[in-house]
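Topology and contacts: notes
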Amino acid sequence: MAESVAQEPAQQVVSLPTTRRKRASTDGKGWLFVGPFLAVFAVTFLAPIGYAIYLSLFREQAFFGGRAFVGLSNYTEALQDPKFWQAFGRVAIFLAVQVPIMLGLALLAALAIDSARLHAAGFFRIVIFLPYAVPGVVAVLMWGYIYGDNFGLAANLNDLLGTAIKPLSSGWMLPSIANIVTWEFVGYNMLIFFSALRTVPGELYEAAAIDGANTFRTILAVKLPALRGAIVIATIFSIIGSFQLFNEPNILRTLAPNVINTYYTPNMYAYNLSFAGQQFNYSATVAIVMGVITAIIAYVVQLRGSREAL
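Report follows, based on the coordinates. Quantities reported herein were computed from a predicted structural model and do not represent experimental measurements.

**Remarks on the overall build of the protein chain**
In terms of regular secondary structure, the protein chain is built from 14 helices and 2 strands. In the protein chain, the proportion of contacts linking residues at least 24 apart, taken out of those at least 6 apart, comes to 65%. Split by element, the accessible area of the protein chain, about 19,200 Å² in all, is 67% carbon and sulfur.

What follows is the structure, given as structure tokens:
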């Protein structure tokens, strides 16, 4: 009897936390915190995607009027559209060339600032990051006037050196756009890399110094492995940004209308289909196809980076 009486309070004490946890999980207070975010997320993200998918399944009837359900016919047309693939190939080349150069420059800048051998490192960090603070439209307009054939810095250099380089010509347009994007986003990626370097424990540097590692060896053995996650993130952001290329060519088109056409990039193609051609259904289809391709490539890069990290 004494043992059974002594065990009852213990059983009651053990069951109290479980009851409290159940009450905490069913009172709905957590949903009050995430509710506003979920509402905004649904209205600004899920609803536009759902509406775009809905539009892509229909087609406007030119002669009979109204809207007809066509299923996946728009997707079949988009996958066979030479204009879409020309635009996609252009941004793919842009991605393959510009992104490694941009990330390489950002990595060098981050390593130099973190090396503690650069005088006024804070000043250089601000200077490198400053172009990212310039609004994108202002940056493109500024570089557009620098690239001008009859005015600006490019024209003055051609007159001075006797050259005939035209940054706004068909052969130089894509490198010119790549230069603008690199100038804009090197500082942004530098800050990502620099922030990751600041989290490296000092004990690793001390161990490398004890082992007799020089600066180059420390970078390879300590800093670059610590930057692997940041490099993957910056690469994914750069891939998404490259496939979304729109502002730079769309603004430069006013300066070089014969070089940049309406389907210079996939985003420009979808934009002009919608706002200039009034082909809303096909424009939504092009946007969805491009979004799916971008998501697949970004996921593959993330998966590969995660496997290498393991």
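**Section: the nonpolar core**
Residues Met173, Ile177, Phe193, Leu227 and Leu252 are the most contacted members of the largest nonpolar core, which totals 60 residues. With 14 residues, helix 4 (residues 82–114) is the largest single contributor of residues to this core. Those residues within four positions of Ile177 in sequence are excluded, and the remaining contacts are Phe94, Leu245, Glu248, Pro249, Leu252 and Tyr264.

**Things to note about the side chain of Ser238**
Turning to its location among the elements, Ser238 is positioned in helix 11 (residues 228–243). Sequence-distant contacts of Ser238, defined by excluding residues within four places in its chain, comprise Leu95, Val99, Met102, Leu103 and Asn189.

**A look at the environment of Trp183**
As for its placement among the helices and strands, Trp183 is situated in helix 8 (residues 173–197). Residues within four places of Trp183 in sequence aside, it is in contact with Pro131, Val134, Ala139, Met142 and Trp143.

**Considerations on unusual backbone geometry**
One non-glycine residue with positive phi stands out, namely Gln278, at about 60°. With respect to the helices and strands, the residue Gln278 is situated in the loop between helix 13 (266–275) and helix 14 (280–309). In this structure Gln278 comes out as partly exposed when scored by relative accessible area, which is 47%.

**So, the packing of helix 6 (residues 136–146) against helix 8**
Close contact between helix 6 and helix 8 brings their axes to 11 Å; oriented N to C, the two are set at 135°. Between helix 6 and helix 8, the interaxial angle falls into the category oblique. At the point where helix 6 passes helix 8, the crossing takes the right-handed sense. For the pair helix 6 and helix 8, the contacting residues are Gly136, Ala139, Val140, Met142 and Trp143 in the first and Asn179, Ile180, Trp183 and Glu184 in the second. Residue composition of the contact of helix 6 with helix 8, by class: 6 nonpolar, 2 polar and 1 charged.

**Some details on helix 13**
The element helix 13 is largely enclosed, with a buried count of 7 among its 10 residues. The complete set of buried residues in helix 13 reads Pro266, Met268, Tyr269, Ala270, Asn272, Leu273 and Ser274.

**A few points about the packing of aromatic side chains**
The full count for this structure, using the stated rule, is 17 aromatic pairs. In this arrangement the basic side chain of Arg90 is found over the ring face of Tyr264, its NZ or CZ atom lying 4.4 Å from the centre.

**Points about helix 6**
Taken residue by residue, helix 6 has Ala139, Val140, Trp143 and Gly144 as its buried positions. For helix 6, the arc enclosing every buried residue in end-on projection is 135°, short of the 170-degree limit, so these residues lie on one face. Buried residues belonging to helix 6 abut helix 8 and helix 12 (247–252).

**Side note on the side chain of Ser283**
Following the sequence through the fold, Ser283 ends up in helix 14. Classification of Ser283 as buried rests on a relative accessible area of 8%. Those residues in contact with Ser283 that sit more than four places away from it in its chain are Ala270, Leu273 and Ser274.

**Overview of a nonpolar patch on the surface**
On the surface, a cluster of nonpolar side chains totalling about 1,200 Å² of accessible area is made up of Trp31, Leu32, Phe33, Val34, Phe37, Leu38, Phe41, Phe45, Leu46, Ile49 and Ile53. On the accessibility criterion, Leu38 (39% relative accessible area) is partly exposed.

Cut-off values and rules
Residues numbered from 1 in each chain as written. Predicted model: local features only at pLDDT ≥ 70, side-chain atom pairs only at ≥ 80, totals over all residues. Heavy atoms only, no water. Helix = DSSP H or I, 4+ residues; strand = E, 2+ residues; numbered from the N terminus. Contact = heavy atoms within 4.5 Å. Areas by Shrake-Rupley, 256 points an atom, 1.4 Å probe, with all protein chains shown as cover. Core = buried A, V, L, I, M, F, W, Y, C linked by side-chain atoms within 4.5 Å. Buried < 20%, exposed > 50% of the residue type's maximum accessible area, 1.4 Å probe, protein only. Axes fitted to C-alpha atoms, helices over the stretch in contact; angles between N-to-C directions. Parallel < 35°, antiparallel > 145°, perpendicular 65-115°, else oblique. Left-handed = near helix turned anticlockwise from the far one by under 90°. Nonpolar A, V, L, I, M, F, W, Y, C, P; charged D, E, K, R; others polar. Phe/Tyr/Trp six-rings, centres within 6.5 Å; stacked < 30°, edge-to-face > 60°. Lys NZ or Arg CZ within 6 Å of the ring centre and 35° of its normal. Arc of directions from axis to C-beta. Patch = residues over 30% accessible without salt bridge, like charges linked within 9 Å, V, L, I, M, F, W, Y side chains within 5 Å. Salt bridge = Lys/Arg side-chain N within 4 Å of Asp/Glu carboxyl O.

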